Amino acid sequence: MKKSIKIDYSKVLGFVPQSTIDGYATPAMECMKQLENGTGKGNDFLGWLHLPSSVSAELLQSIKQTAKVLQENCEVVVVAGIGGSYLGARAVIEALSDSFVALKERQAGVPSIVYAGHNISEDYLFELQSFLKSKKFGVINISKSGTTTETAMAFRLLKKQCEEQRGKEMAKKVIVAITDASKGAARTTADKEGYTSYIIPDNVGGRYSVLTPVGLLPIAIAGFDIDNIIQGAKEMECICASQSFAENPALTYAAVRNALYAEKKNIEILVNYHPKLAYFMEWWKQLYGESEGKENKGIFPSSVNFSTDLHSMGQWIQEGERTIFETVLSIEETNRELRVPSDEENLDGLNFLAGKRVDEVNKMAELGTQIAHVDGGVPNIRISVPQLNEFYLGQLIYFFEKACGISGYLLGVNPFDQPGVEAYKKNMFALLNKPGYEKESAAIQERLK
């Protein structure tokens, strides 16, 4: 029987008593029932809730077949998307990839994955197009509407370049659309050009979409096992359906972080000791920041990569403002083994480590940091992950999604909308004189005088 991720909040109890956390158990359970029954805010965006157990074998097979077409015809695949349309895929791909894959000779049948449509940098797009000039490349255009400025602009450039470099027929073969089922510019383009396409379900928001084709197709193209990702998520779906507060990690995590928030711990720092998880932290920050940051409420999600950031952020965490708590992702077993060698001269004084695995040193850095930070007034939650592979990443993704829904309801907000994201877009469109924004443009020009 496979293991599963575990949560340990014993290093919170010196700041919030067990009785207080137990007081959140019943409200957290009620919030979970609202999710399951579809009676809470944003209940038209709950398609992710039972996604792992409802993904069909036919869909997974179709995704793998499309991945094979791109693997056979591309040296590079560009994932064009922003926010939830690319972060989940990138998080998984970078977590599972060799740390130096970009510097190695490309493995036959496994294209390099690069990203576009997640910024508006002219230099980035120019350099991307320059890089692609000598490459057989394909594009995955991920956008529900097809009009998100960052992604639409990047796709316009990439579509033109792909058609000019590879011809219309090959471009049609290596451009894939992941978009709305029936409406929007991306759907219209896909139908007109005859692209292979997949649907972003109407009831799944972008930041909850990694277990749909949005995340699964890029991950499959990168050569990773999407069946195992879904299997891990499916197992965690069962675990996180438990009515036992102590046995349901999503309930526990949601309750503990809200109990800390009530004690003015307003900043959560997600910590990892494995550099491959850097983009997983970015996915997590979007998930929680966009879900909970509303109505002048919400824990601010931040992240650090230890032990690297102990030499930059460690001082602030140890002795700065006491409005923070840490959630540590700890990988129990590494995928490789490396031991510290002995050195006869011992000029660096490290012979006391000779024969020890590097991961043992890393784990002692983790434990030593936990003790120091707790002593310094920082509550500490630990989430242990058995190993960094597809199965446990699937578990981790679903765990954080389910906990986020519960936590948002505990906070009293709608964890499935993002009204604040539209504010910058309106101003940008007005400043660019987009048709239909004349009044907003006039108002902004008046403010700028």
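Reading guide: rules and limits
- Residues numbered from 1 in each chain as written.
- Predicted model: local features only at pLDDT ≥ 70, side-chain atom pairs only at ≥ 80, totals over all residues.
- Heavy atoms only, no water.
- Helix = DSSP H or I, 4+ residues; strand = E, 2+ residues; numbered from the N terminus.
- Rg over C-alpha atoms; globule rule 2.2 N^0.38 Å.
- Buried < 20%, exposed > 50% of the residue type's maximum accessible area, 1.4 Å probe, protein only.
- Areas by Shrake-Rupley, 256 points an atom, 1.4 Å probe, with all protein chains shown as cover.
- Salt bridge = Lys/Arg side-chain N within 4 Å of Asp/Glu carboxyl O.
- Core = buried A, V, L, I, M, F, W, Y, C linked by side-chain atoms within 4.5 Å.
- Pairing = 2+ DSSP bridges.
- Right-handed = clockwise from strand over helix to strand, strands pointing away.
- Disulfide = S-S within 2.5 Å.
- Axes fitted to C-alpha atoms, helices over the stretch in contact; angles between N-to-C directions.
- Contact = heavy atoms within 4.5 Å.
- Phe/Tyr/Trp six-rings, centres within 6.5 Å; stacked < 30°, edge-to-face > 60°.
- Lys NZ or Arg CZ within 6 Å of the ring centre and 35° of its normal.

(A) How the structure looks around the overall build of the protein. Scanning the protein from terminus to terminus reveals 17 helices and ten strands. In summary, the protein has a C-alpha radius of gyration of 23 Å against a globular reference of 22 Å for 449 residues, a match within 12%. For the protein, the spread of C-alpha atoms along the three principal axes comes to 60 × 60 × 55 Å. Residue burial in the protein is summarised as follows: out of 449 residues, 49% are buried. Of the accessible surface of the protein, which amounts to about 21100 Å², a share of 53% is contributed by carbon and sulfur atoms.

(B) Broad picture of the pattern of salt bridges. By the definition in use, this model includes 25 salt bridges. Across the pair Glu-36 and Lys-402 runs a salt bridge, and its minimum N-O distance is 3.2 Å. Separated by 366 residues along the polypeptide, Glu-36 in helix 2 (residues 25–37) and Lys-402 in helix 15 (residues 390–411) bring together distant segments of the chain. The class of Glu-36 is partly exposed, set by a relative accessible area of 32%. For the salt bridge of Arg-90 with Glu-94, the shortest nitrogen-to-oxygen distance reads 2.9 Å. In this pair, Arg-90 and Glu-94 both sit in helix 5 (residues 87–96), four residues apart, roughly one turn of the helix. The class for Arg-90 is buried, based on a relative accessible area of 14%.

(C) Local environment of the nonpolar core. Core analysis: the largest hydrophobic core is formed by 115 residues, its most contacted members being Phe-280, Trp-283 and Phe-400. For this core, the leading source of residues is helix 15, giving twelve residues. The next biggest cluster of nonpolar side chains, apart from the first, holds nine residues, and it includes Val-271, Val-304, Ile-324 and Val-328.

(D) Up close: the pairing of strand 6 (residues 196–199). Looking at chain direction, strand 5 (residues 175–179) and strand 6 are connected through four bridges and run parallel. From the neighbouring strand, Val-176 faces strand 6, where its bridge partner is Thr-196. Each parallel crossover has a hand, and the one from strand 5 via helix 8 (residues 185–193) to strand 6 is right-handed.

(E) Representation of the state of the cysteines within the structure. On inspection of all chains with the given rule, the structure shows zero disulfides. Free of any disulfide, Cys-31 has its nearest cysteine sulfur in Cys-404, 12 Å distant. On the accessibility criterion, Cys-31 (6% relative accessible area) is buried. Look at Cys-404 and you get buried, because its relative accessible area is 0%.

(F) Layout of the sheet that holds strand 8 (residues 300–305). Taken together, the five strands give an open sheet; going across it, the order is 1-10-9-7-8, and neighbouring strands pair in mixed fashion. Every interior strand has two partners, whereas the edge strands, strand 1 (6–11) and strand 8, have only one. Going across the sheet, the axis of each strand differs from the next one's by a mean of 25 degrees, ignoring polarity. Note that strand 7 (residues 267–272) and strand 8 share six bridges and pair parallel. Residue pairing for strand 8: Asn-272 is matched across the bridge by Asn-305. In the packing of helix 11 (residues 249–262) onto the sheet, the strands contacted are strand 1, strand 7, strand 9 (324–333) and strand 10 (380–387), and the crossing angle to strand 1 comes to about 30 degrees.

(G) Molecular detail of the environment of Glu-263. Locating Glu-263 in the fold gives a position in the loop between helix 11 and strand 7. Between the C-alpha atoms of Glu-263 and Leu-411, which are 148 residues apart in sequence, the distance is 14 Å.

(H) Quick peek at the sheet that holds strand 6. Spatial strand order, 3-2-4-5-6: five strands in an open sheet with parallel pairing. Two strands lie at the open edges of the sheet, namely strand 3 (112–116) and strand 6, each paired on one side alone. Across the sheet, the mean angle from the axis of one strand to that of its neighbour is 20 degrees, orientation sign disregarded. Relative to strand 4 (residues 137–142), helix 7 (residues 149–174) is tilted by about 135 degrees, and along the sheet it contacts strand 2 (76–80), strand 3, strand 4 and strand 5. Where helix 8 meets the sheet, its contacts fall on strand 4, strand 5 and strand 6, and the angle it forms with strand 6 comes to roughly 150 degrees.

(I) Region of interest: the packing of aromatic side chains. Using the criterion set out here, one finds 17 aromatic pairs in the structure. Through successive ring pairs, a cluster of aromatic residues spans Tyr-253, Phe-280, Trp-283, Trp-284, Tyr-288, Phe-399 and Phe-400. One Lys or Arg, Lys-434, reaches over the ring of Phe-429 and ends 4.1 Å from the middle of that ring.

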